[in-house]
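Listed below are the residues making up each chain.
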Protein chains: 2
Amino acid sequence: MVRWEPGARERLQTAALDLYVRQGYEQTTVSEIARSVGLTERTFFRHFADKREVLFQGQEKFRQTFVGAVAGAPADSTALGMVAAALTAAAAIFPDERRPYSVLRQQVIDAHPALRERELLKLAAVADAVVDALHRRSVPEPAATLAAQSGLTVFRVAFQQWLTDADGRSMLAVEGDVMRQLGVTTAGAAEALPAG
Amino acid sequence: MVRWEPGARERLQTAALDLYVRQGYEQTTVSEIARSVGLTERTFFRHFADKREVLFQGQEKFRQTFVGAVAGAPADSTALGMVAAALTAAAAIFPDERRPYSVLRQQVIDAHPALRERELLKLAAVADAVVDALHRRSVPEPAATLAAQSGLTVFRVAFQQWLTDADGRSMLAVEGDVMRQLGVTTAGAAEALPAG
């Protein structure tokens, strides 16, 4: 019989992150995570495939948020406008209350090359999904790939800043700032290389 | 006694790619590659760590080309100008004669998710190295990351186009075109998101 544990998933996630930070990711076992909140290994495995999965559990929602926002952007949007809609939607996944959790999660990931690779590949998969979504909105190449990759770059840079932002600005405010700086950085693109 | 085999490295590389394309990457063994050009497994392993390495052997030179060009760019260059210098230098690694080899190599990589991940991580490592090189040229954040990521995006999109370019344009010409399109795509960045 499968017992439903109210909030078990969230309790396991918080406990896991706490153990990863305190005693190290490698040193932590699934059994320890479960025991620390009075649950069994079996319960853990009903919620997560393995201990790495705890850190990447929001991945599908994250991808769908980007893709859904591109699909739902106004008909007259530019490619970058559709990507901006995706960044606006993604910012809502990271409200201020989530910052402490995100800081600890990033700390664990940055300390482990294999987890960093996993994170990188996850973001690359989201970029690919955004490219596909832009194609479905009739954005041609290379605009679709350029807009999607620029959007993911803005997200990554903004997320890093948001984690440690001295002024405690919202993710959306930081994204807006980074997007404007992308405009400044790429302003000379028309003359950066000789004409073909 | 280690015998020096003139051109052994290049012969092994060509033979390996030929076998990967004809009979499949998984199905090809190191022993087969070596035998097909009259060499031994031992000779193969003097040149490559494993059969995957044959496909990624130019990686260090590639990274150094980007980093060296950023380091050597004129003092008054913008961040994007330094990245453009890196793209110009990188284009020289891909002269027209190399296109047939690059097409086959890409075909093998695209057919294998693990190789695609390896390629992605390689390009991410180059982007990180370019960020470091821009920091050493006193480019601050987030301009350094935005310029480096934009440069690598231009490289990837241009490379893809160059492989199958109907007009047979040079890699530098295609890079120039993609860079200009990046400028068009990001032109609205200043107003894409609400001000913070």
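Residues numbered from 1 in each chain as written. Chains lettered and ligands numbered in written order. Predicted model: local features only at pLDDT ≥ 70, side-chain atom pairs only at ≥ 80, totals over all residues. Heavy atoms only, no water.

A.B. asks: Got a minute to help me understand the overall build of chain A in this structure?
C.D. replies: Within chain A, the regular secondary structure consists of 9 helices and 0 strands. Along chain A, helices and strands appear, N-terminal first, in the series α-α-α-α-α-α-α-α-α. For chain A, the spread of C-alpha atoms along the three principal axes comes to 65 × 35 × 30 Å. Every one of the 196 residues in chain A was classed for burial, and the buried ones make up 49%. Restricting the contact set of chain A to residue pairs at least 6 apart, pairs at least 24 apart contribute 65%. Surface exposure of chain A reaches about 9,300 Å², of which carbon and sulfur atoms provide 54%. Positive and negative side-chain charges of chain A, numbering 22 and 23 respectively, have mean locations separated by a distance of 6 Å. (Helix = DSSP H or I, 4+ residues; strand = E, 2+ residues; numbered from the N terminus. Buried < 20%, exposed > 50% of the residue type's maximum accessible area, 1.4 Å probe, protein only. Contact = heavy atoms within 4.5 Å. Areas by Shrake-Rupley, 256 points an atom, 1.4 Å probe, with all protein chains shown as cover. Lys, Arg positive; Asp, Glu negative; His and termini not counted. Charge placed at Lys NZ, Arg CZ, Asp CG, Glu CD.)

A.B. asks: How should I be thinking about the relation of the copies chain A and chain B in this particular structure?
C.D. replies: Put simply, the two copies of the chain differ by a rotation about an axis and a shift along that axis. When chain A is brought onto chain B, the operation consists of a screw motion whose angular component is 180° and whose axial shift is 0.0 Å, with 0.0 Å RMSD remaining. When the rotation and shift are considered jointly, the pair of chain copies conforms to a two-fold rotation axis. Same-surface contact between copies: 100% of interface residues of chain A are shared with the interface of chain B. (Least-squares fit on C-alpha atoms with pLDDT ≥ 70 in both.)

A.B. asks: Looking at this model, I keep getting lost on the interface of chain A and chain B. Mind explaining?
C.D. replies: Where interface size is given, it is often the accessible area lost as the parts come together that is meant. Across the boundary between the two partners, chain A contributes 39 residues, which contact 39 residues of chain B. The contact between chain A and chain B buries some 3,400 Å² in all, and 74% of this surface belongs to carbon and sulfur atoms. The interface formed by chain A and chain B holds 0 salt bridges in total. On inspection of chain A and its partner chain B, the count reaches 3 residue pairs in polar contact (both at pLDDT 80 or more). Contributing elements (two or more residues each) for the side of chain A that touches chain B: helix 5 (79-91), helix 7 (113-136), helix 8 (143-163) and helix 9 (171-185) of chain A. Sort the elements by how many residues they give to the side of chain A that touches chain B and helix 9 of chain A lands first, with 11 residues. Classifying every residue of the side of chain A that touches chain B by side-chain character gives 22 nonpolar, 13 polar and 4 charged. (Buried area = accessible area lost by both parts, 1.4 Å probe. Salt bridge = Lys/Arg side-chain N within 4 Å of Asp/Glu carboxyl O. Polar contact = N/O pair within 3.5 Å; in protein donor to acceptor, adjacent residues only side chain to side chain. Nonpolar A, V, L, I, M, F, W, Y, C, P; charged D, E, K, R; others polar.)

A.B. asks: How should I be thinking about helix 4 (residues 59-72) of chain A in this particular structure?
C.D. replies: Within an α-helix, residues lying three or four positions from one another point in the same direction, as the helix has 3.6 residues per turn. Residues and elements named next belong to chain A. Between its terminal C-alpha atoms helix 4 stretches 20 Å, which fits the 20 Å expected from 14 residues at 1.5 Å a residue. Listed in full, the buried residues belonging to helix 4 are F62, T65, F66, V67, A69 and V70. Looking at the buried residues of helix 4, the elements they touch are helix 5, helix 7 and helix 8. (Expected span 1.5 Å × (residues − 1).)

A.B. asks: Which parts of the structure should I look at to understand the environment of A86 of chain B?
C.D. replies: Residues and elements named next belong to chain B. For A86, the position within the fold is in helix 5 (residues 79-91). Assessed through its relative accessible area of 1%, A86 is described here as buried. Placed 79 residues apart in sequence, A86 and G7 show a C-alpha to C-alpha distance of 29 Å. Setting aside residues no more than four positions away along its own chain, A86 makes contact with F66, A69 and V70.

A.B. asks: So what exactly am I meant to see when it comes to helix 8 of chain A here?
C.D. replies: The end-to-end C-alpha distance of helix 8 of chain A is 30 Å, a good match for the 30 Å that 21 residues give at a rise of 1.5 Å each. Of all 21 residues that make up helix 8 of chain A, 18 are buried, and the element is covered over most of its length.

A.B. asks: Looking at this structure, how should I read the packing of helix 4 of chain A against helix 5 of chain A?
C.D. replies: Helix-helix packing: each pair is described by the crossing angle between the helix axes and the interaxial distance. Residue and element names in this part refer to chain A. The geometry of helix 4 relative to helix 5 is characterised by a closest axis approach of 8 Å and an angle of 135° between their N-to-C directions. In this view, helix 4 runs oblique relative to helix 5, as classed from their interaxial angle. Of the two possible hands of crossing, helix 4 and helix 5 adopt the one that is right-handed. Within the contact between the two elements, helix 4 uses T65, F66, A69 and V70 and helix 5 uses M82, A85, A86, L87, A89 and A90. (Axes fitted to C-alpha atoms, helices over the stretch in contact; angles between N-to-C directions. Parallel < 35°, antiparallel > 145°, perpendicular 65-115°, else oblique. Left-handed = near helix turned anticlockwise from the far one by under 90°.)

A.B. asks: Even after reading the chapter, I still don't get the pattern of salt bridges, so can you show me in this structure?
C.D. replies: Pairing is possible between side chains of opposite charge, provided their charged atoms come close. Applying the stated criterion to the full structure yields 18 salt bridges over all chains. Where E119 of chain A meets R105 of chain A, a salt bridge forms, and the shortest distance between an N and an O atom there is 2.9 Å. Here E119 of chain A, found in helix 7, pairs with R105 of chain A, found in helix 6 (residues 99-110); they are 14 residues apart in sequence, far enough to count as distant. What makes R105 of chain A buried here is its relative accessible area of 8%. For R118 of chain B, the salt bridge goes to E53 of chain B, with nearest N and O atoms at 4.0 Å. You can see R118 of chain B sitting in helix 7 (residues 113-136) and its partner E53 of chain B sitting in the loop between helix 3 (41-47) and helix 4 (59-72), a full 65 residues away along the chain.

A.B. asks: Quick question: what am I supposed to make of the packing of aromatic side chains here?
C.D. replies: How two aromatic rings sit relative to each other is set out by the distance from centre to centre and by the angle between their planes. Using the criterion set out here, one finds 24 aromatic pairs over all chains in the structure. Arranged with centres 5.9 Å apart and planes meeting at 70°, the rings of F94 of chain A and W162 of chain A form a pair that is edge-to-face. Placement of F94 of chain A in the loop between helix 5 and helix 6 and of W162 of chain A in helix 8 is noted, with a sequence separation of 68 residues between them. Owing to a relative accessible area of 0%, W162 of chain A belongs among the buried residues under this scheme. In this structure an aromatic cluster arises from ring pairing among F62, F66, F94, F155, F159 and W162 of chain A. Here the basic side chain of K51 of chain B rests over the ring of Y25 of chain B, its NZ or CZ set 4.6 Å away from the ring centre. Looking at R105 of chain B, its charged tip hangs above the ring of F56 of chain B, at a distance of 5.2 Å from the centre. (Phe/Tyr/Trp six-rings, centres within 6.5 Å; stacked < 30°, edge-to-face > 60°. Lys NZ or Arg CZ within 6 Å of the ring centre and 35° of its normal.)

A.B. asks: Please clarify how unusual backbone geometry should be interpreted in this entry.
C.D. replies: If a residue is not glycine, its phi is most likely negative; likewise, a peptide bond is most likely trans. All names here are of chain A. Omega for the bond connecting E141 with P142 falls within 30 degrees of zero, at 0°, which places this linkage in the cis form. Topologically, P142 is positioned in the loop between helix 7 and helix 8. Backbone geometry places S138, a non-glycine residue, at a positive phi of 70°. You can call S138 exposed: its relative accessible area is 64%.

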